[in-house]
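The primary structure of each chain is shown beneath.
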There are 2 protein chains.
Amino acid sequence: MNEATEVTLAQWRARIDGALARVTANGAPLPEKVRDAVHYSLTGEGKRLRGLLVLAAYEALGGKGNAVGLAAAVEIVHAYSLVHDDLPCMDNDHIRRGRPTTHRAFGVATATVAGVAMVALAVTQAVQAAETLGLSADVTKRLVSVLMQSSGATGMVGGQLMDLMSEGREIPVKQLEAIHRAKTGALIAASVTLGGLAAGGSAAAVDALAKAGESLGLAFQIADDVLDATASSEALGKSAGADAKLEKSTYVSTMGVQAAKAHGEALVADAMQRLQAAGLKNGPLLELARFVAARRS
Amino acid sequence: MNEATEVTLAQWRARIDGALARVTANGAPLPEKVRDAVHYSLTGEGKRLRGLLVLAAYEALGGKGNAVGLAAAVEIVHAYSLVHDDLPCMDNDHIRRGRPTTHRAFGVATATVAGVAMVALAVTQAVQAAETLGLSADVTKRLVSVLMQSSGATGMVGGQLMDLMSEGREIPVKQLEAIHRAKTGALIAASVTLGGLAAGGSAAAVDALAKAGESLGLAFQIADDVLDATASSEALGKSAGADAKLEKSTYVSTMGVQAAKAHGEALVADAMQRLQAAGLKNGPLLELARFVAARRS
């Protein structure tokens, strides 16, 4: 990786981490146990890929303000999805990012409530970020709408559920792709879209970003499937081999490790090409796309 | 009840019901099972008190547009709270509004996901409503913020959890009041505040509405406690006597039925006085306050 880009990304990650750590300190007081659970969920180890994509897309389209609040909003939605994904009624996972999952640490009721509180906090955070950036009413509305669509109805929670319903039975690749697009792709695509919208990018540029984000999101999920099948629990910071145990249909179970890897690489190449065709030569954004292609955890 | 007011409220209720039935038809497609669960949760029998309060407050402060979308947004948040409140990890209720609870009808995973999707749908609905009403960016932001605060962190979900934590032990009246204010009061206060804000009411008028809403919300919850202890399951459309079974601290367990009733009446009187002092002589709003005082189910 280019050293300057590496430093930029490390600085951005630190600023996102800082914003996430402050979410429970600022604003309206939460009941103590919920606050602790939200704080715990937001401050676990994480790549902050989605937040970094917000900032990289924002910068790529010429944004000059402080968009860290918007990056944090996306990471809050992501963290909520992990908390609910791990619940006993969902995947019933016990380890996440190398620590007990939120419901193991705080109980199922608190984890359920904390997840919903996080969705509300993400909206509040996004609205505040829009205010900080001096964005218009129209853009603010679009930001909230993109964030909620990716997190709510059509996006992540829908994908999560389709995923759950697919357990124990084989499903066709097309349906698998729909699940993965909704489950992971939606928020990753939303991240670059939000950054682009906040920067005031042209419709064409934002569209190119969104399409590249969709390819990246799908590639990211395919890499997830490959890692679940090939990496150790220690390297992942969560239980490896969980998909096979749950008899989930994955890219690996459907097309094998090698073909899944090749499919993922083709998607990243597609994303890169879209970004470059749109004239986006920005370092961090291409670097993050490369990260998705080469991810090891 | 004044006959004209009665007709107005019935018409409003029908329009809110219509909007709720259309939530899952419009906009982004949901996975079928989630859509069915959301539709089921939104179309159960209900008084639509919160939605009516939005419209009554809107009209009371001179609003002339169509605020039904905003009323629906509040009802979606309310419906979400019922779905999650009934979950096995919360109250584990089996009947709600005379039908199986959402998780009994669709499973715990689908009900959990549907609840979160509803929070996202409520935000989207509120933003669309603000657009329909031609509201400014500032007012739109305040609407989203009030809605999320009442539903998320400090509001309902917080109250729900404090409530849960109080099961099996006696708690002081002051703490009980904090729980009830957060659990029911927050969304009822938010309803009138949202209506007032959307109508472009003065800060003083909106503040008077909000304070009256807080008293009404608390009175409503006290009536809930009284009904749980005194009415039949049939009349309530949910399991009566549940509080005693769960050894919950309620106004009835803490101060007895008579004193709880008197406290509720005093709160409604306070709300009425605030509304009248603020020059609000509007029929529907006072009628709804009277309904809270006299509720039988």
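The preceding data block contains the structure.
Residues numbered from 1 in each chain as written. Chains lettered and ligands numbered in written order. Predicted model: local features only at pLDDT ≥ 70, side-chain atom pairs only at ≥ 80, totals over all residues. Heavy atoms only, no water.

**Here we look at the overall build of chain A**
- Looking only at helices and strands, one finds 15 helices and two strands in chain A.
- With 297 residues in all, chain A has 57% of them scored as buried.
- Within the structure as shown, chain A displays about 11,400 Å² of accessible surface, and the carbon and sulfur contribution to it stands at 50%. (Helix = DSSP H or I, 4+ residues; strand = E, 2+ residues; numbered from the N terminus. Buried < 20%, exposed > 50% of the residue type's maximum accessible area, 1.4 Å probe, protein only. Areas by Shrake-Rupley, 256 points an atom, 1.4 Å probe, with all protein chains shown as cover.)

**Side note on helix α14 (residues 257–277) of chain A**
Residue and element names in this part refer to chain A.
- Compared with the 30 Å implied by 1.5 Å per residue over 21 residues, the 30 Å span of α14 between its first and last C-alpha is a close match.
- Inspection of α14 places A260, G264, L267, V268, A271, M272 and L275 among the buried residues, and these make up the whole buried set. Across the axial projection of α14, the buried residues extend over an arc of 140°, all falling on one side. Structural note: α14 exposes Q258, E265, Q273 and A277 on the side pointing more than 90 degrees away from its buried face.
- Where α14 is buried, its residues touch α10 (203–230), α13 (251–255) and α15 (283–294).
- The first or second residue beyond α14 is G279, which carries a positive phi of 80°. (Expected span 1.5 Å × (residues − 1). Arc of directions from axis to C-beta. Contact = heavy atoms within 4.5 Å.)

**A closer look at the environment of A:V123**
- Checked against the element boundaries, A:V123 lands in helix α6 (residues 108–132).
- Look at A:V123 and you get buried, because its relative accessible area is 1%.
- Sequence-distant contacts of A:V123, that is, excluding residues within four places in its chain, are made with A:V144, A:M148, B:V123, B:V144 and B:M148.

**Some remarks on the nonpolar core**
- One finds A:L147, A:L285, B:L147 and B:L285 to be the most contacted residues of the largest nonpolar core, which totals 181 residues.
- Setting aside chain neighbours within four positions, we find A:L147 in contact with A:A73, A:V74, A:V77, A:A122, A:A126 and A:L194. (Core = buried A, V, L, I, M, F, W, Y, C linked by side-chain atoms within 4.5 Å.)

**Section: the packing of aromatic side chains**
All names here are of chain A.
- Counted under the stated rule, the structure contains two aromatic pairs over all chains.
- Between Y40 and F106, the ring centres sit 5.3 Å apart and the planes meet at 70°, which makes this aromatic pair edge-to-face. Of this pair, Y40 sits in helix α2 (residues 32–42) while F106 is found in helix α5 (residues 102–106), placing the two residues 66 residues apart along the sequence. Both residues of the pair, Y40 and F106, belong to the buried class. (Phe/Tyr/Trp six-rings, centres within 6.5 Å; stacked < 30°, edge-to-face > 60°.)

**What about the packing of helix α1 (residues 3–22) of chain B against helix α4 (residues 68–85) of chain B?**
Residues and elements named next belong to chain B.
- Two elements in contact, α1 and α4, have axes whose closest approach is 9 Å; the angle formed by their N-to-C orientations is 70°. Here α1 lies roughly perpendicular to α4, going by the angle between them. Judged by the twist between their axes, the crossing of α1 over α4 is right-handed. Together, R15, I16, A19 and L20 of α1 and V68, A71, A72, E75 and I76 of α4 make up the contact between the two elements. (Axes fitted to C-alpha atoms, helices over the stretch in contact; angles between N-to-C directions. Parallel < 35°, antiparallel > 145°, perpendicular 65-115°, else oblique. Left-handed = near helix turned anticlockwise from the far one by under 90°.)

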